[in-house]
Amino acid sequence: MKKRAAVLLLAVALAVTLCPPALAAQPYPFPDVAEDHWSYTYVLELYEQGVLGGYPDGRFHPRDTLTWGQSFKLILGAIGEEEIPERELGQHWAYPYIAPAIDNRLVYSFNEEFLDEAPTRLNVARMVARALDLTDISGESPYTDCDDGYVVELYEKGIMWGTAQPDGTRTFSPDEPIAREEMAAIIWRMMHTDVSEGMFRHSNYWLDALDTVPAISFSGEQFSKDEQGRVAYSGGYYTHGIDVSGHQKEIDWQAVAADGIDFAIIRAGNRLYGKDSSGAVCEDSWFDTYMQGAIAAGLDVGAYFFSNAITVEEAIEEADLLISKLEPYREYVTYPVVCDWEFLGGAKSRAYGVDARIITQCIDAFCRRVAEAGYQPMFYFNDYCGYVKMDLSKLTQYPFWYAEYASTPNFRYDFQMWQYSSKGKVAGIKTEVDMDLCFVPYGGGAQQSDNPPEPEPTSYLPTEPMVP
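Predicted model only: the values in this text are computed from it and were never measured.

Enquirer: Teacher, can you tell me more about the overall build of the protein chain here?
Expert: Of regular secondary structure, the protein chain possesses eleven helices and 15 strands. The proportion of buried residues among the 468 residues of the protein chain is 54%. Taking as baseline every contact in the protein chain between residues at least 6 positions apart, the subset at least 24 positions apart corresponds to 70%. Of the accessible surface of the protein chain, which amounts to about 20500 Å², a share of 49% is contributed by carbon and sulfur atoms.

Enquirer: When you look at the nonpolar core in this model, what are you seeing that I'm missing?
Expert: Side chains of nonpolar character tend, in soluble globular proteins, to be buried together. Of all hydrophobic cores here, the largest spans 80 residues; its most connected members are Ile242, Trp253, Phe379 and Leu392. Here this core gets eight residues from one element, more than from any other, and that element is helix H10 (residues 356-372). In this view, Trp253 contacts Ile242, Val244, Ala264, Thr289, Tyr290, Gly293, Ala294, Ala297 and Leu299; residues no more than four positions away in its chain are not counted. Counting 54 residues, the second largest nonpolar core, distinct from the first, contains Leu74, Ile75, Val151 and Val195.

Enquirer: How should the confidence of the model for the protein chain be read in this particular structure?
Expert: Segments scoring low in pLDDT should not have their predicted coordinates read at a detailed level. The share of residues in the protein chain with pLDDT of 70 or more is 89%, and the mean pLDDT across the chain is 90. Considering only residues more than four positions removed or in separate chains, one finds that residues 445-453, a stretch of pLDDT under 50, has 18 contacts. Scored below 50 in pLDDT, residues 455-463 shows 15 contacts in the model against residues more than four places distant or in partner chains.

Enquirer: How should a negative patch on the surface be read in this particular structure?
Expert: Together, Glu112, Glu113, Asp116 and Glu117 make up a negatively charged patch on the protein surface. On the secondary structure map, Glu112 appears in the loop between helix H3 (98-103) and helix H4 (121-131). Residue class for Glu112 comes out partly exposed when judged on its relative accessible area of 43%.

Enquirer: Explanation requested: the pairing of strand E3 (residues 199-202) in the structure shown.
Expert: The side chains of a regular strand alternate, residue by residue, between the two faces of the sheet. Of the strand pairs in this sheet, E3 and strand E4 (residues 205-208) are connected by four bridges, and their pairing is antiparallel. Looking at E4, one finds that Arg201 is bridged to Trp206. Connecting E3 to the antiparallel partner E4 that follows it, the hairpin turn spans two residues, and Ser203 within it adopts a positive phi of roughly 55°.

Enquirer: Is there a simple way to explain the packing of H4 against helix H5 (residues 149-156) in this structure?
Expert: A pair of packed helices is characterised by two quantities: the angle between their axes and the separation of those axes. At a closest axis distance of 9 Å, the pairing of H4 and H5 adopts a crossing angle of 65°. Here H4 lies roughly perpendicular to H5, going by the angle between them. Crossing of H4 over H5 shows left-handed handedness. Of the residues in H5, those in contact with Leu122, Ala125, Arg126, Val128, Ala129 and Arg130 of H4 are Tyr150, Val151 and Leu154.

Enquirer: What is the right way to read H5 from this model?
Expert: Given 3.6 residues to a turn, an α-helix orients residues that are three or four positions apart in the same direction. Most of H5 is tucked away, with six of its eight residues classed as buried. Looking at the buried side of H5, the elements it contacts are H4, E3, E4 and H10. For H5, the side-chain oxygen to backbone nitrogen distance between the N-cap and Tyr150 is 3.0 Å, and the N-cap itself is Asp148. Looking at the residues trailing H5, positive phi occurs at Gly158, about 75°.

Enquirer: Help me understand the packing of aromatic side chains in this model?
Expert: Given two aromatic rings, one states the distance between the centres and the angle between the planes to describe the pair. Taken as a whole, this structure holds 45 aromatic pairs when the rule is applied. Seen from their ring centres, Tyr28 and Phe30 are 5.4 Å apart, and the 80° between their planes marks the pair as edge-to-face. Both rings, one in Trp68 and one in Phe110, keep their centres 5.3 Å apart while their planes meet at 50°; by these two values the pair is tilted. With a gap of 42 residues between them, Trp68 in helix H2 (residues 68-78) and Phe110 in the loop between H3 and H4 connect regions that are remote in the sequence.

About the thresholds
Residues numbered from 1 in each chain as written. Predicted model: local features only at pLDDT ≥ 70, side-chain atom pairs only at ≥ 80, totals over all residues. Heavy atoms only, no water. Helix = DSSP H or I, 4+ residues; strand = E, 2+ residues; numbered from the N terminus. Buried < 20%, exposed > 50% of the residue type's maximum accessible area, 1.4 Å probe, protein only. Contact = heavy atoms within 4.5 Å. Areas by Shrake-Rupley, 256 points an atom, 1.4 Å probe, with all protein chains shown as cover. Core = buried A, V, L, I, M, F, W, Y, C linked by side-chain atoms within 4.5 Å. pLDDT = per-residue confidence, 0-100. Patch = residues over 30% accessible without salt bridge, like charges linked within 9 Å, V, L, I, M, F, W, Y side chains within 5 Å. Salt bridge = Lys/Arg side-chain N within 4 Å of Asp/Glu carboxyl O. Lys, Arg positive; Asp, Glu negative; His and termini not counted. Charge placed at Lys NZ, Arg CZ, Asp CG, Glu CD. Pairing = 2+ DSSP bridges. Axes fitted to C-alpha atoms, helices over the stretch in contact; angles between N-to-C directions. Parallel < 35°, antiparallel > 145°, perpendicular 65-115°, else oblique. Left-handed = near helix turned anticlockwise from the far one by under 90°. Polar contact = N/O pair within 3.5 Å; in protein donor to acceptor, adjacent residues only side chain to side chain. Phe/Tyr/Trp six-rings, centres within 6.5 Å; stacked < 30°, edge-to-face > 60°.

Written out as structure tokens, the structure reads:
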């Protein structure tokens, strides 16, 4: 994939056209886009740069609709994509644009038989937003007929505005096709808008700071290594913990407890995440053995499910399995019951292309179910998922469990638990194990502060569920 890190102000001629083959820039020829037409400036400038062409009859046909193939070519040109394969004999003229469109995340899959079909305005908006490295994590929609996060991002950047109505509302018409004149304006704005303004960069994405999510409260100098080489915290209360799954096999829990570990978060199950897998839910066969051993050794316990839910129904299925597994241990569960949603496998993941809004709804549904069952919900994420695959602003009613393998955490937002290593060494466990610090006094573990805080009386059950 070859993409710019940002869309800067461009004054270059791109070898793209609304109607192949491309026409060389000549004196403005289009009588059907006169000087008083709303799109005249966009069409004129792009025509003079050799970006847009017209029809053989010398007209532009501004209200004609675009095809998928034309949209791919224009959008890829607007972001400076140059690695377009050569067209083979007999192929559709736009066939070489399919692979770059997928590589640049305009679409996640595409069948060439639709190249001459017309995408909807929502299709185009999503392609444009992804081409600009934007996500669907956004603010409130200005439209009465569309609340898609990508559409909202483009409105905030001034790239797609929709239509103002006489009553003062605004509509987007997401299911309507896109016209040539509209696409001319969009491409011009893509080429003349710095979408990075006011945003921060993570991986391949530009992101808005989430003002409603509390900023990180930790500083680097508060963390150090103790005599065992484990991370210690000087800023207040904390406990040492581990999280385990059947990968650890036999565990001597008495030895674990004697080695300074206060709590254990134990996996109850997982969902298969491969694109070609069944996506089935599986139980961890070691769960009961681990729970019984950890409880007998006097450790505080919580539990987690390795989620790959891509629908709310799947998330509830996972939560229900976890809750059923916990029932025999209800009185001993003092630490959180966790939705561990992870994105693994890249393009081969069944969650590839699933938008942050859907994943956020899944996490909310899972945690809501846990809260309704009387447990403390929590969700787990790493940098990529926390910034790109989840809208944390919609999940602040739940505690955050952040994963970053480092000596100090480096995250924009606050969290209540930190998984700082996957290569910990603990007595009683023969394999490497995940190491955690918890900054909230959930259970009765050894208190690492002379004056531990009292847990805040916060309800983690939202008043209303998120709407899919």
